[in-house]
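Observations on chain architecture
Each chain is listed here by its residues.
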Amino acid sequence: MKKNFVYLAVAAMMLTGCSEKPMVASPDGNIVVDFASDAEGHPTYSVSVGGNQLIAPSRLGVVTRGGILPSGGNPEVSHSSFNEIWHQPWGENKTVENRYNEMAVKLAGDDADVTLRFRVFDDGIAFRYEWNVSSADSVVVTDELTEFNFAVDGRSWSIPASFETYELNYQTLPVSQVMNANTPFTFVTDNGIYGSVHEAALYDYPEMVLRRDSVGTPLKADLAPLPDGVKAYLPSAFTTPWRTIQIGSKAVDLINSAMILNLNEPSKIADTSWIKPQKYAGIWWGMHLGTQTWTMGPRHGATTENAIRYIDFAVDNNLQGVLFEGWNEGWENWGGNQHFDYLKAYDDFDIDSIAAYAASRGIELWMHNETGGNIPEYEAALDSAFAYYQSLGVHTVKTGYAGGFKDGYLHHSQYGVRHYQKVVETAARYRIMLDVHEPIKETGIRRTWPNMMTREGARGMEWNAWSEGNDAAYLTTLPFVRLLSGPMDYTPGIFDIDYSTAKADKGRIEWNGPNAHCCIKTTLARQIANWVIIYSPLQMAADLMENYQDNEAFGFFRDFNADCDRSEALQGEIGEYIVVMRAAGNRFYLGAGTGLEGRTLTQPLSFLDKGVTYNAVIYADKPGSDNPEDIAIIRRQVTSSDTLTIEMNPSGGQAVTFIPAD
Ligand code: NOJ
Ligand code: CA
């Protein structure tokens, strides 16, 4: 992490007895945060953008068993500025600018000092609580009083608040009508300010959701509880996660913002040479369709024979990794006592020869750890399991938490946050990268722990196999809400859009029952575009390999590089359309998607390198076709002065590769 330059100016100012109002503005002056006290003397903050109030005075504070923090005192205010360029081993953008103005408001009470630290960037604001309680050895948090008191109404997109799952459909509601929401909570105000409330650097604290008691009261932080109702048991000196509001004048500004990452600490992993993005495939979709099983038996997916086939497929198609779910003993217990053996492969999965074969062919073998939510068992096994995987040459583990935690603990509580972090840090010691399903939400910790590659944390592809599925409006909302928090392992790219024949062939009915779902709810071109739109450093080709073989459209993924250097969301509106470009080496990739409506967009190609002629391969919907698998693959030469016309059918999309002509 090389700092190019750091500018730090501290101007401490004692405000006791001074009439000046504590405030801090963004470097460009557009966003202003004010600190004040309300009529009862409670600390508050407010936010304005371009001179218009966005957040009216909103309460600050944390309720503990020893009293409310901060507990009073005269504010001591200090200001500073920060500006650096930093680099990360992987990411949407490997080079990131971090520039903000800071205001620290220290409130020294009799029993505790609390500093409210505010940072204001050109693309949003953040604040956190830093306390030091002198009268006790520990702090028991029972509530957080932080409010987000919107000064203007607007539209919002969020999933409802749940401390157990993020795999929920979006609610699109006026801000004023939202009763509860998880974050990111994305909005556009009636006066055109785009924004999103979230949190950054979530460690050892429960997740925050937003809730209000009744319409007309402000949205307030609500923390996931422990089984005894307490929110967190903490040391006497503690720093909370940041409470954040990303802010922009266009919807895509939110996607192009790195504020959440910037609020996290630099990498704690010194040598990151083993951390590498990958494209991967594997034994997965068949189990969700029901044509294969996780358990051993006649339709077992993770067999030695299938593993070898998939490793060969990966080599032939320029993929780097392979995942085999159902490789280890215990799947009979999934949904029951949730006992899995993380060391013992099923008898028909010859793990030693598979690992050796993968290594000989230069392919990364992934291990899958479904825990069923049995945290004590998984934590007890962690070290021995990861040491074993390391001995096999494995660098990537997909974890899963499909099942309630034992003893009444919630996935998103302080207990859950501690567990997920323990896995990240243990994995780092064994040089293992993680893909976490049923995770805690991403809050930018990938900057500090770059082995925390990707996670699920939303309704992914699997929902298409056994529920009403994810429609294109959902997929076009995802980039502006869930994806603001960080990468997602959506597991994109199903080519067999109408999979009913595959299901019928194998007679699978257990999961799907009588309401047999048949189809992915987008066109094939959109499935391809999602590889670009839905950023993940571990990007899956999720379909059965048979559906890619001999299909010219799979050429896109062969040419794709999951290890991009730069990205930009070029245009879009929440739930309606999105165009994203990614650059990797001298190649560029473009992904466009529309919601339920067909749409034609024009997109200047000015992001391409000047003076270079590119061979473009365009994977487009066949105009007017109502067969979603109809795809037009068009080849032409383009330069940065060309403009692309992107024609998309309803629920459609378009993907383009740009490879220099010479
Ligand atoms: C849910 C995960 O999201 C999915 O990817 C996985 O296949 C199943 N759990 C089984 O672990
Ligand atoms: Ca899941």
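This one's a predicted model, so the numbers in the text were calculated from it and none came from an experiment.

Scanning the protein chain from N- to C-terminus turns up 13 helices and 38 strands. Taking 26 Å as the expected radius of gyration for a compact globule of 662 residues, we find that the protein chain reaches 25 Å, a close match to that expectation. By its C-alpha atoms, the protein chain is 75 × 60 × 50 Å across when sized along the principal axes. Within the protein chain, the proportion of its 662 residues that are buried is 60%. Across the protein chain, contacts joining residues at least 24 apart in sequence account for 70% of those joining residues at least 6 apart. Counting only carbon and sulfur atoms, one obtains 48% of the accessible surface of the protein chain, whose full area is about 23300 Å². Of note, the protein chain has its 51 positive side-chain charges centred 3 Å away from the centre of its 82 negative side-chain charges.

A few words on the sheet that holds strand E21 (residues 232-235). The four strands lie next to each other as E7-E6-E12-E21, forming an open sheet whose pairing is antiparallel. Edge positions in the open sheet fall to strand E7 (67-69) and E21, since each of these has one partner strand only. Pairs of neighbouring strands in the sheet enclose a mean axial angle of 40 degrees, with direction left out of account. Sheet topology note: the strand E6 (residues 62-64)/E7 ladder contains three bridges and is antiparallel. Paired with Thr-64 across the strands is Gly-67, a residue of E7.

Taken in spatial order, the four strands make up an open sheet running E2-E3-E4-E5, and their pairing is antiparallel. Bordering the open sheet on either side are strand E2 (23-25) and strand E5 (52-59), each of which pairs with just one other strand. Looking at each pair of strands side by side, their axes are set apart by 15 degrees on average, direction ignored. Note that E2 and strand E3 (residues 31-37) share three bridges and pair antiparallel. Each residue of the ladder has a partner; that of Ala-25, found in E3, is Val-32.

This paragraph deals with the packing of helix H6 (residues 375-391) against helix H7 (residues 414-429). Across the interface, H6 lies against H7 with an axial gap of 10 Å and an inter-helix angle of 10 degrees. Our classification of the angle between H6 and H7 gives roughly parallel. Residues Ile-375, Pro-376, Tyr-378, Glu-379, Leu-382, Asp-383 and Phe-386 of H6 touch H7, and the partners they reach there are Tyr-415, His-419, Lys-422, Val-423, Thr-426, Ala-427 and Arg-429.

As a further point, take the domain arrangement of the protein chain. Here the domain parsing of the protein chain yields domain 1 (23-262), domain 2 (277-457) and domain 3 (469-535 + 557-662). A separation of 34 Å is found between the C-alpha centroids of domain 1 and domain 2. Of the roughly 2700 Å² buried where domain 1 meets domain 2, counting both sides, 56% is carbon and sulfur surface. Applying the counting criterion to the domain 1 and domain 2 interface returns five salt bridges. Here Glu-84 ties to Arg-447 by a salt bridge, and the two come within 3.4 Å at their closest N and O atoms. Scanning the region where domain 1 abuts domain 2 turns up 22 residue pairs in polar contact (both at pLDDT 80 or more). Its residues placed into classes, the side of domain 1 that touches domain 2 shows 21 nonpolar, seven polar and eight charged.

His-288, Glu-325, Glu-370, Lys-398 and His-437 are the nearest of the 13 residues found near ligand 1. One of the side-chain N or O atoms of Glu-456 is found 2.9 Å from an oxygen atom in ligand 1. For ligand 1, whose accessible area on its own is 290 Å², the fraction buried by protein is 97%.

Attention now goes to the nonpolar core. Here is a general trend for soluble globular proteins: nonpolar side chains tend to be buried in one another's company. Among the nonpolar cores identified, the biggest contains 172 residues, and Phe-118, Trp-131 and Phe-386 are the most heavily contacted of them. Every residue in contact with Trp-131, bar those within four places of it in the chain, is listed here: Val-62, Leu-69, Asp-113, Val-114, Val-139, Val-141, Leu-234, Pro-235, Ser-236, Ala-237, Phe-238 and Thr-240.

The next point concerns the coordination of the calcium ion (ligand 2). On the protein side, the calcium ion (ligand 2) has Glu-167 (OE), Glu-167 (OE), Glu-438 (OE), Glu-456 (OE), Glu-456 (OE) and Glu-462 (OE) as donor atoms, found 2.3 to 3.1 Å from it. For the calcium ion (ligand 2), the donor residues sit on a single chain with the sequence spacing E-x270-E-x17-E-x5-E. Residue Glu-167 is found in the loop between strand E14 (154-158) and strand E15 (171-174), and its partner Glu-438 is found in the loop between strand E28 (433-436) and strand E29 (452-455); the two are separated by 271 residues along the sequence.

The next thing to look at is the environment of Pro-227. Along the chain, Pro-227 turns up in the loop between strand E20 (219-223) and E21. Accessibility expressed as a relative area gives 47% for Pro-227, which makes it partly exposed. In this structure the C-alpha to C-alpha distance between Pro-227 and Asn-470, which are 243 residues apart in sequence, comes to 33 Å. Excluding anything up to four places from it in sequence, Pro-227 contacts Asp-407, Gly-408 and Tyr-409.

What counts as what
- Residues numbered from 1 in each chain as written.
- Chains lettered and ligands numbered in written order.
- Predicted model: local features only at pLDDT ≥ 70, side-chain atom pairs only at ≥ 80, totals over all residues.
- Heavy atoms only, no water.
- Helix = DSSP H or I, 4+ residues; strand = E, 2+ residues; numbered from the N terminus.
- Rg over C-alpha atoms; globule rule 2.2 N^0.38 Å.
- Buried < 20%, exposed > 50% of the residue type's maximum accessible area, 1.4 Å probe, protein only.
- Contact = heavy atoms within 4.5 Å.
- Areas by Shrake-Rupley, 256 points an atom, 1.4 Å probe, with all protein chains shown as cover.
- Lys, Arg positive; Asp, Glu negative; His and termini not counted.
- Charge placed at Lys NZ, Arg CZ, Asp CG, Glu CD.
- Pairing = 2+ DSSP bridges.
- Axes fitted to C-alpha atoms, helices over the stretch in contact; angles between N-to-C directions.
- Parallel < 35°, antiparallel > 145°, perpendicular 65-115°, else oblique.
- Domains from an automatic or database assignment.
- Buried area = accessible area lost by both parts, 1.4 Å probe.
- Salt bridge = Lys/Arg side-chain N within 4 Å of Asp/Glu carboxyl O.
- Polar contact = N/O pair within 3.5 Å; in protein donor to acceptor, adjacent residues only side chain to side chain.
- Nonpolar A, V, L, I, M, F, W, Y, C, P; charged D, E, K, R; others polar.
- Near = heavy atom within 4 Å.
- Core = buried A, V, L, I, M, F, W, Y, C linked by side-chain atoms within 4.5 Å.
- Donors = N, O, S within 2.8 Å, 3.2 Å for Na, K, Ca; no water.

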